[in-house]
Amino acid sequence: MSVLQAAVGRPADRAAIPILYAATDPAARPGDFIGPRLRKWDDRVHAGAIAPHAADPALAARLWAVAEDATGVRFALDGTTAPLAAGPAPRRRRPAAG
């Protein structure tokens, strides 16, 4: 477990609380950000406006394309998946330090 994960992470049963809220509570509104608060010990659900860049369709399309290229899987709108013809992009190696 990384230091950051230990500092802000939550166990699975607590991390699932915002997801369950979003899926089952009629008060959860579409288009809202629903997630945990930043305080690790606070299990209350936070609901608020989505940041403008998170609702940018052009940025979402770019992120989707990068994810498909990185994984080698293309996701169709009908829920099916298919491998990309070229396969995943090769990983770049970091130059040796020194």
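Shown above is the structure to which this text applies.
About the criteria used
Position labels on residues start from 1 in each chain and follow its written sequence. pLDDT decides what is reported in this predicted model: residues at 70 or higher carry local features, side-chain atom pairs at 80 or more are listed and counted, and totals for whole chains, interfaces and linings draw on all residues regardless. To obtain the side-chain values, all non-hydrogen atoms of the structure were used and water was disregarded. Strands here mean DSSP runs of E at least two residues long; helices mean DSSP runs of H or I at least four residues long; both are numbered from the N terminus. Exposure is judged per residue with a 1.4 Å probe applied to protein chains only, and the accessible area is read against the type maximum: over 50% gives exposed, under 20% gives buried, and values in between give partly exposed. The salt bridge definition used is simple: a Lys or Arg side-chain nitrogen within 4 Å of an Asp or Glu carboxyl oxygen.

**Student:** Hey, could you run me through the environment of Arg 74 in this one?
**Tutor:** Assignment of secondary structure puts Arg 74 in strand E3 (residues 73-75). Judged by its relative accessible area of 43%, Arg 74 falls in the partly exposed class. For the pair formed by Arg 74 and Trp 64, sequence separation is 10 residues and the distance between their alpha carbons is 9.3 Å.

**Student:** I would appreciate a short explanation of the pattern of salt bridges in the present structure.
**Tutor:** When the charged atoms of two side chains with opposite charge come close together, those side chains can pair. If you walk through the whole model with that rule in mind, you get two salt bridges. Residue Asp 32 pairs with Arg 29 through a salt bridge whose shortest N-O separation is 3.0 Å. Here Arg 74 ties to Glu 68 by a salt bridge, and the two come within 2.7 Å at their closest N and O atoms. According to the relative accessible area criterion, Glu 68 is buried, its value standing at 7%.

Geometry only, nothing functional implied.
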